[in-house]
Structure formats: structure tokens, C-alpha cells
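Single-letter residue listing:
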Amino acid sequence: MIESHLPALIALTFVLFAIMIPAFGLWRPSTSQPLAVLGSGIASVLSLYGFASYLQTGSIRYFFGGWEPPVGIEFVYDGLSGFFILVINTVAFFVFIHSRKIARTEYPGKEMPYFALAMLALLGFNGMILTGDLFNLYVFLEISSLASYALIAIGSRPAPYAAFRYLIIGTAGGTLYLLGVGFLYTITGTLNIIDMAAMLPNFAADTSVVAALILMVVGIGVKAALFPMHGWLPDSYTYASSSSTALIAPIGTKVAAYILFRIVFYLFGVELTDAVIPMTTIIGSLAAVGILYGSIMAIAQTEMKRMLAYSSVSQIGYIIMGLSLANPLGFAGALLHVLNHAVMKACLFLIAGSLRMKEGHSDISLFDDTYRKKYPWTMAWFSVAAISMVGLPPLAGFFSKWYLALGTIDNENWIFLAVILISSLLNAVYFFRILENVYMMNPKKDQKEAADAERNEVSFSMMFPTSVLAIALFVIGFANAAIVGILFDVFPM
Amino acid sequence: MLDFFLGHYAYWFVVILLCVGLYGILFKKNLVKKTIGLAIFQVSVVLYFVSIASKWDATVPVRDANIPVEQVANYLNPLPHTLMLTAIVVGVATLGVAFTLLMAIYNRYGTLDEQELLEEIQ
Amino acid sequence: MDLTLVPLLAILSSLAAVPLILWSSSKPNLRETWTIIAALVKFGLVMTLLPSALNGESVTLHLFDLAPGLPLALNADPLGVFFAVIASGLWIFTSFYSIGYVRGHKEHKQTRYYASFAICLSATIGIAFSGNLLTFIVFYELLTLATYPLVIHTETDDAIKAGRKYLAFTLTAGLLLIAAAGMVYYYTGTLDFTPGGILGDADIPYHMMLVMFILFLGGVGVKAGIMPIHGWLPAAMAAPTPVSSLLHAVAVVKSGVFAVLRVVGYVFGVDVMGDYGFNEILIVLSGATILIASLIAFAQDNLKRRLAYSTVGHLSYIVLGIALLTPLGIQGGIMHIAAHATMKITLFFCAGAIIVNLHRENISNLNGIAKVMPWTMGAFVVGSMGLAGIPPINGFFSKFFLVSGSLEGDMMIPVIILIVSGLLNAGYFFPIIHRAYFRKGEGLEKYGEASPFMVVPIIVTATLSVLFGLFPNLFFNFFDLASQISTSLFNSVSP
């Protein structure tokens, strides 16, 4: 039966392709990108199949080598991990399709290492999500991180420095997480999440449990760019090559957010999380500050990728705020936002990449209405994604905001409600600014030049992924009731 | 009080190392020194794991004919050590990536001083 | 005949025209034909719903779940049909008028203009037929979004500023509405519009009720132009005149007052509004708006801006009528939705015809124009007299009911406000008429009447204003429909 081996197969796909890409790439570098598309395509199909079989038969626990935990290591394919796996692999698939041209222009000759590293990063991300073992998670975390550092370093001139800063902060975060795991291990003597979750309530009052919780939240918070640990993110996203950003931005922080979900809901449980210090309130408040900070900083940016990076800080805040609400609506809202934000941000970063390739920059102040003539479809999809980011119905972004708002109301947490609403307005400010530039005459600009602008739409390999992602926003918007219905069932409490 | 300090001396050692590492990461301006701080930081956690596995009157987890297998208390816990083997490998890989990045930075900017780099990039 | 799908088709008919309009972008005649066809089809579909609405029946359709337990529900109840008939009926005239206007004015990006217009109408009909608050919000935000390209259409600095202002106001309003809807859902577990309200049975503390009311007020008050949150409406006059006339005299702003009625009658319920005293807040706000807006209108020299402030005032007539919470008052408010629509669209059409024909926007430049544009100015007289409340134009009729409604509720202040406002209306409209007819104009020799595309709709809407004043039940049984709606709000209170 293939279902029972699915968790391992998904991870193995990436291992296989991480080896195949260099092997074929040495022979002929042009094979790298198609192989990456193929690899992530297979992984997406497997994740889709896995999620379908999860819906029918329930969770899959895969014991490596047949060793049952706590002795062996297991992969857990339950609703939460299945959902995340599906989202990240599908988004990665579309990003790889788009990378074809960018790879040739932004880092010619480095396609093979780039795509091999991307496979490794995805292996790390998938492993983090699937694994049921805390130390195993650390290893996957470092695999994905090391690959991400390298991916970010492939980019413009300051990219290595941005990557180095990310490396220092990220490794420190990972080490703190490992220390937290060590504390928990000394108390419970196990590393398996399910096993440990059963034992932890006996040690609720133990200081080292609290210390471990704080260390793990801080460590993962760095990876999730939870305010105020977001410092590495804007530079990394801005200076990295467009394809790296488009790959890491929608996926990387989401996976870290997933670890927070695992820790808070599955490992400790909300009760234990809040037993000694009001951890969920603290996380939620940090997220709320991050939401506003990210939005305000995004308004101040003139470079599109940098603006989107700050916007990511703000959007990750939504997800973590939903987590901190610890009720079904907040949980479903946060997970729906994981999906929405992955799709929207991937679409926006891909468009930023397309513009960089065509125009050589993505400076918002230089956008004008020739763009509308040159790239009618790209700009139309940009508008769709932007409007979804602002959260206007019937696009997907509206509904995650709706459930999050209902979640805050359910907790009677009016401040968080206000934060969500104000942030939507701030989003509107920085997205409509671009739409204004693109869709309206620029009086300062030479009108003749504008009139002469000819249609110069991006090629199919770049148009296809952005179109699919933008149309997906409509589909998610209309089908959100079904998705949220599943997410309600996933809610562990 | 003194017992508390002396009884946990291994942990205090770890804590001091951790702080030294953190100091290096946060306050050193030279990127190589930062990297050294990071390495110390990681090593402190590795040492913590190693120390929790040790106990008095126990031996290495290799089967000894004199100690029956049932007396598990007389063997060390092998798991933290094996975990740390992996963690050390991860740490080395991280350092490798870090030094690669440092070389790239040095080739591009000719300096590894954070202040000068920030000025260059602005 | 099975009418179940008709509300959906009515919404989709203009949406379906959008791709056709975009596709025939290079063939103006074909493009405008699509608009006209869509308008006629939409109106025809809405009209098929009228008979059942007159019987007090609703056509409901649950499409799919927007969120678990919250379907995309369409409910063509009498109130919805009433609003839909007005909006879709006037769209036909506006479509013809638009052709004359944008061609006469040589506007750019006409395809975008027609496409946005069609989306706006879909959203408006969607608002009319929304069966629950979430569906309503979806269409309400869609309307905001679709109107934006029309507001900034000319793309001058002024228009862009106006567009920003418009978005700032309406997006904020949308968010307040979302918060309010969330709270209603939290307390009642439903968002369905129910005559008599859904908050009546829930056990809600007073301060929460007040918060909800304020959120709703902010949410719907912006589009309804209640002071002090009316600021976007005069700014939005930067849009081309057909936009001002249909959207900023009928569709968008009427969606706002329509929403007020939905909230008062179908979410809070007349009883709850009265018990908590929220209607008094509304009366004070709308009364103040009526007077202040009329006074500001005096100071405007730009004709469209004067009309905009007049609109702000007249929208508050409707809000005032609703806030009276008496059957006659609500009936008067509902009738004023129709009356103000026909009259104000006439006036805006006239303003547009003057702009296109004479290139004059300011009232001080209108001396003697009645000689060259007799039909246009004749219609203008009809419209302005109606707004001042002079019989036999339909404005008189609705105002009569508003006054009766306040007397029914033993309230004198609204009566005084209405009377004073009538005088103020006369005060700011008659100088225009005086200039046009009795002063000698300059430089008018080379001009004649505007193009028939514009003049015919003007005459038709003006005639409709008069006809509805004489025979309130003509064609659409507006009178019966209005009384039907207002009694339904009161009957269902004590089941």
C-alpha cells in the first residue's frame, strides 16, 4: 500500500532529486530546472494524494525501519502536517516553473547548485513538518536553514552579507531551540512529540518546562520572523535573487509558524503553555505589534521586494495571532491565512521577479502607466493578489481575515480585532499606491513615451504560475467554507 | 547555597560558555569573531547535552560482562551523545557555510568589519 | 413560473457583459450595445420579480457556503426588489446618457469606464438581493472597489486625491461593518436579514449593543453620507457626470441608506432600536446633516458640488424617515429613495449636459443658458422643484409621508427640520433657475441643445418624476411596495 509509505516518500522525493540534479546538471546544466519542477511536482501530487487519503482514513504514522517510538523515529502525517505539506509543495512547484528565465538571467551558470540547494531546502521544510521527533526536527531545521542561507546568498551584491546575518541569527535561534529540547529531554527522557505530550502534564509546574517553552518559542520565533526577531528578514528577501525570495518567502516563515502550532497545540497543549506565564497572550501581543510594525514599515518602502518583505512580517503576525487565540475560529483563520498568504505572496514575489527581469528593477516610484500597456496580464494578476492582500471579498484574503476577526471576537479580544482591521487599511495604503502608479497617467512622464509603449508581456513560463496563483485566490475565496470545514476538524482541542 | 553552585558546576560552565558565545554574537564587530561566538554558543549546548548523559558510578554504554544488562543505572545514557554527534556535524556545516559567505563578502567589499560593511551597503 | 434563479441571473447579467465589453474594446458601437443589452436584460429580470414582491413574497436562493453556516444567500424580498427596480431601471437611461457624455467629452479609457460601470451595477443588485450580512458585505466591498476606477477616471491630480479619500472612507467603513457583523454573529449565531431584527432575542449587555450600533453606523453611514463622515461624496464629484448621477445619486449612496434600513429593520429590529434609544442618535445625526448640508450647498459655486451637498442632505431625509420608527415614516423614507433617485439623476444629467455642451461647471457662469438648452433647463426646473418639495412632483409625496410619520411618532422637531430644509432647498436651487432664465448670457450664440443621447434621458427621468408624483403606483406600484415593506417591519415584531 502506497498510502502507508507516503510520508517517507515525499521526503525521499526531494532527497532523490537533490542528488539527481547535480548528477544530470554536471552533464547538462539546462536539465536542472525541469528536474526541480518534476521533483516538486511529484511531491505535490503525493501530498495531494496523501491529504485525500488523510480525509478518508485519518492520520498516518510512519515508523522508520519499523522501530516504534520512543525508540525509533516516526513521521506523522496528520491534518495539520498534511495541510502544510500540500501548501508548500504546491507553491514551490509553481515557483520552480517561474524560475526558468530568472535562473538564466540572474545567476547564469549556477542553475545546478541553485536547484540542488532548493531541493535540499524543501527536504528540510518537508522534514520539519512531517517529523514526529523533536531532535529530528532540529536536524531538518538546520538542513533547511543551511540551504536557505546559501539560496539567499545567490543574489545581488549585498546578498552574502544579508545571508550571513540571517545565518548568525538563525543558527542562534536553532541552538536555543536545541537547548529547549535538551531541557524537555532531561525531564521526560523522550524526544517523540506524542510520547512527550502525554508525559508533560505531570511536570506542569517544573521551571525547566517553562524555560524550555520560552527557549523553543524564541528559537522558532526567529525563524518565523516573529516581531521583534524579524531583523534578518527584510534584507535577506530584498537582496536575494527573485527566485530565491519567491521560494523562501511564502514557505520558510510558514514552516516555522507550523512548528509553533505543533509546540503550542500538540506538544504542550494550550493549558500547559499558559500554566505559569501567559505565553499565548505574549505571543499574540508580539504578533499584534508585528502586524502594525510590518504594515507601517511596508508603507515607508519604495522598493517592491522590500515592501513585500515587511508585508510578510505583518502577515506572519496574522498567523501567529490566530494561533494565540487558541479557539477553533482563530486556528482555522490562521491556517487559512497560511494558505492564502503563501499563494498571494508567491504570486506577488513572482511578479516582482518578472518585473525585475523585464525592467531591471522593481522600484515602485519608477512604476508608471506604461507598465499597464507593456504587461497587461501581469499587472491584472498583481491587482488581484494586492486586493486579496488588502482583504476585499470575494478574494481569499478577505475570508482569512473574517475568521481571524471572528476568533478575536470569540475571545472578546477587542484590541486584536482593531489591529486586524487597522492593518487591512495600512495594507490598502501600500498596495493601492502601486495600483495608482500603474493604472494612472503619470503627469511628470513624457506622454509620448507612454503612448509608444508596446505590449511586452512576460513569457509563458512566467505567466502561467502567476495566473494560476491569482486565479487560485478566487477559487480559495469561493471554496473557503469547505477548506475551513476541514480545518475545524483538524483543531486539536 | 554553596551546594547549589557546586552541585551544578557543569551547568554553570555551560551557562558561562553560552554567555561568552552570546557576547561574541551580539557585540563583536568583526564578522569572523561573530562566527567564533556562534561556534562557542553551539558548543555550550553540545556540552549541556553531554553533561546530562553522565552519571557517577556508571560506565560507557558498551556491554560489560561484569555489569548485567538489567542494571541500566550503571551504564551511561548513550542517546545524548549520539544526538550531539549529529549536532556537531550540523555545527561544522554551519561554520562551513558561514566561512563561505565570509569569503564572498570579503571578495565583494574587501572588509569584514560590520560598521564598514553597513556603510558600504547604504 | 420558477423564479428561484432570477435574482442570481439579475446580478450576473451585467457581470457577464464585462468580458464582452473588454473584448470589443476597439469597436465602440458594439461595446456600448453590450452595455445597453445588459441593462435591458437586467431590468427585465428584476421586473419579473416585481409581482411576487407585491404579494409580499420573497424569492430565496442559497448558492453555496461562503463560510460554514453562512451561505451566499440571495433573497429578493420586497425591499430588495424595490431598490433593484430603481437601480436597474435608471441604469438604462444612464447607459444612453453615458454614450452621449463620454463621446461628447472625448473621455479616455472608455472601455474601463463601461466595464467598471457594469460591475458596479452587479454589485448594487447584489446588495439589493443579499439575504444575509456576509453576502451583503461581499457585494458592498465589491461596489467600493468597482466604483474606484470610475472616481479616478479623469486621472487628474484632483481625481486621484478624491479616489484616495473615497477609498479611505469606504474601506474603513467596510472594516467597521465586518467587525459589526462579526459581533452580531458572535452573539446571535446568525447573520440572516429577518424582518423585525435578529438581535432582539439575544442577551447582550447595553455597552456591547452600543458598540455594535456605532460600528454599524460607521459602516453604513459612510455610504449613506451621514455627517460627519460624508466627506468622500463631494470629493467623488471629480468623476465623470454619469458616474455622479447614477452612482453618487442612486447606486452607491442609496446602497448606504438601503443598508441603514437593513440594519435598523432587519438586524436590530424596530423594537430594539426604540428600546435602546438608538433611533434618537440617528434622528439627531440625520437632522443635523439635513440642515448643515443644505447650508453648505449654498456656498458651492460648482454645480456638481452643490448637487453633491444636496444629495448628502436628501440621503439624511431617508435616514431620518427610517429613524422615526413609525410605519409612515419608514414608508416615506423608502419612497424618498425612489423619489430622490429620479429627481437627482435628472439634475446630474442636466449638469453633465451643461458641462459637455457649454464646458461650464460653475453656477456663476450659467447666465441665460435656458435659451440655448431649453429642454435641459426645463428638466432642471422639474428636478429642483421636486427636491424642494413642491407638488405635484414625487419629492412632495415622500416628504409628505415623512412629515406624517414624525407626527405619528409625536415628534415635532423632525417636522420643523423638514420644513426648513424644504425652504433651504428652494433657496439654493432657485438662484440657478433664476440665472438660467432671467439673466442675460454671454458667448452662447454658437451653442445649441445637447446631443439627443443626453437630452432624451433627461426628459424621460424628469417626466418620470412628475408621473410618479401624480400616480405613485404607476408602472411599478412603488407606493404599495413601500407600504408593504414598512408594515412587514412592524407586523413581524410580535409574532
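Residues numbered from 1 in each chain as written. Chains lettered and ligands numbered in written order. Predicted model: local features only at pLDDT ≥ 70, side-chain atom pairs only at ≥ 80, totals over all residues.

Draft legend 1. Layout of the overall build of chain C. Broken down by element type, chain C carries 18 helices and 2 strands. Radius of gyration (C-alpha) of chain C: 21 Å, near the 23 Å computed for a compact globule of 495 residues. Considering only C-alpha atoms, chain C reaches an extent of 70 × 55 × 45 Å along its principal axes. Buried positions account for 62% of the 495 residues belonging to chain C. The contacts of chain C with a sequence gap of at least 6 include a subset with a gap of at least 24, amounting to 81%. (Helix = DSSP H or I, 4+ residues; strand = E, 2+ residues; numbered from the N terminus. Rg over C-alpha atoms; globule rule 2.2 N^0.38 Å. Buried ≥ 20, exposed ≤ 12 C-beta atoms within 10 Å, placed from the backbone. Contact = placed C-beta atoms within 7 Å.)

Draft legend 2. Layout of the overall build of chain B. For chain B, the count of helices and strands is 5 helices and 0 strands. Shown N-terminal to C-terminal, the secondary structure of chain B runs as helices and strands in the order α-α-α-α-α. Relative to its length of 122 residues, chain B is extended, with a C-alpha radius of gyration of 20 Å against a globular reference of 14 Å. Principal-axis analysis of the C-alpha atoms gives chain B an extent of 65 × 35 × 15 Å. The buried share of chain B, reckoned over its 122 residues, is 25%. Sequence-distant contacts in chain B: of pairs separated by 6 or more residues, those separated by 24 or more amount to 46%.

Draft legend 3. A look at the environment of G378 of chain C. All names here are of chain C. Among the secondary structure elements, G378 is positioned in helix α14 (residues 374-388). Residue G378 is classed as partly exposed on the basis of its C-beta count, with 16 C-beta atoms lying within 10 Å. The spatial distance from the C-alpha of G378 to the C-alpha of Y437 is 9.9 Å, given a sequence separation of 59 residues.

Draft legend 4. Main features of helix α3 (residues 31-53) of chain B. A rise of 1.5 Å per residue sets the reference length of α3 of chain B, with its 23 residues, at 33 Å; its end C-alpha atoms lie 34 Å apart and thus fit the reference within 8%. Listed as buried for α3 of chain B are L31, K34, T35, G37, L38, F41, Q42, S44, V45, V46, Y48 and F49 of chain B. Summarising the contacts, the buried residues of α3 of chain B are in contact with α6 (159-188) of chain A together with α2 (9-27), α4 (78-109) and α5 (114-121) of chain B. (Expected span 1.5 Å × (residues − 1).)

Draft legend 5. Structural context of the interface of chain A and chain C. In this complex, chain A contributes 24 residues to the contact, which on the side of chain C involves 23 residues. Sorting the residues of the side of chain A that touches chain C by element identifies α16 (396-410), α17 (414-439) and α19 (460-490) of chain A as the ones contributing at least two each. No other element matches α17 of chain A, which puts 7 residues into the side of chain A that touches chain C.

Draft legend 6. Seen up close, the arrangement of the chains. The interface with the highest contact count, out of 2 pairs of chains in contact, is the one between chains A and B. The smallest C-alpha distance separating chain B from chain C is 33 Å, and no contact links them.

Draft legend 7. Focus on the confidence of the model for chain B. Residues with a pLDDT of 70 or more make up 100% of chain B, whose mean pLDDT is 87. Looking over chain B, one finds the lowest element-wise mean pLDDT in helix α1 (residues 2-7) of chain B, namely 76, and the highest in α3 of chain B, namely 92. (pLDDT = per-residue confidence, 0-100.)

Draft legend 8. Fine view of the packing of helix α10 (residues 242-273) of chain A against helix α13 (residues 328-359) of chain A. Residues and elements named next belong to chain A. For the pair α10 and α13, the least separation of the axes is 8 Å and the interaxial angle reads 165°. Of the possible angle classes, the one that applies to α10 and α13 is roughly antiparallel. Here α10 and α13 pass one another in a crossing that is right-handed. Every residue of α13 that contacts α10 at S242, S243, T245, A246, A249, P250, I251, K254 and A257 is listed here: V338, A342, K345, A346, F349, L350, A352, G353 and R356. Considered class by class, the residues forming the contact of α10 with α13 number 11 nonpolar, 4 polar and 3 charged. (Axes fitted to C-alpha atoms, helices over the stretch in contact; angles between N-to-C directions. Parallel < 35°, antiparallel > 145°, perpendicular 65-115°, else oblique. Left-handed = near helix turned anticlockwise from the far one by under 90°. Nonpolar A, V, L, I, M, F, W, Y, C, P; charged D, E, K, R; others polar.)

Draft legend 9. Molecular detail of the packing of helix α11 (residues 279-300) of chain A against helix α12 (residues 304-325) of chain A. All names here are of chain A. Packing of α11 against α12 leaves a shortest axis separation of 7 Å and a crossing angle of 155°. One element, α11, and the other, α12, form an angle in the roughly antiparallel class. The handedness of the crossing between α11 and α12 is left-handed. Taking contact as the criterion, the partners of T280, T281, I283, G284, A287, A288, G290, I291, G294, S295, M297 and A298 in α11 are, on α12, M307, Y310, S311, V313, S314, G317, Y318, I320, M321, S324 and L325.

Draft legend 10. Structural context of the interface of chain B and chain A. Chain B puts 25 residues into the contact, and the matching count from chain A is 22 residues. If you list the elements that add at least two residues to the side of chain B that touches chain A, you get α3, α4 and α5 of chain B. With 13 residues, α4 of chain B is the largest single contributor of residues to the side of chain B that touches chain A. Across the side of chain B that touches chain A, the residue classes tally to 20 nonpolar, 3 polar and 2 charged.

Draft legend 11. A look at the pairing of strand β2 (residues 70-76) of chain C. All names here are of chain C. Within β2, 6 of the 7 residues are buried, leaving the element largely enclosed by the surrounding structure. Strand direction decides the pairing type here: strand β1 (residues 59-67) and β2, joined by 6 bridges, are antiparallel. Bridging from a neighbouring strand, T60 pairs with N75 of β2. (Pairing = 2+ DSSP bridges.)

Draft legend 12. A look at the nonpolar core. All names here are of chain A. Grouped together as the largest cluster of nonpolar side chains are 429 residues, with contacts concentrated most on M119, L260 and V343. A total of 19 residues in this core trace back to one element, the largest contributor, which is α13. Setting aside chain neighbours within four positions, we find V343 in contact with V91, A396, L469, A472, L473 and I476. (Core = buried A, V, L, I, M, F, W, Y, C linked by C-beta atoms within 7 Å.)

Draft legend 13. Quick look at the confidence of the model for chain C. Per-chain confidence: chain C averages 83 in pLDDT, with 99% of residues scoring 70 or above. Model confidence for the complex: the whole-complex pTM is 0.91, and ipTM, which rates the interface, is 0.93.

Draft legend 14. Geometry of the environment of L101 of chain B. Structurally, L101 of chain B is set in helix α4. With 26 C-beta atoms counted inside 10 Å, the residue L101 of chain B sits in the buried group. Not counting residues within four places of it along the chain, the set of residues in contact with L101 of chain B comprises Y149, A153, P160, A163, F164 and L167 of chain A.

Draft legend 15. Geometry of α13 of chain A. All names here are of chain A. Between the first and last C-alpha of α13 there are 45 Å, a value that for 32 residues agrees with the 46 Å anticipated at 1.5 Å per step. The buried fraction of α13 is high, at 30 of 32 residues. Of the residues trailing α13, G360 is marked for its positive phi of about 80°.

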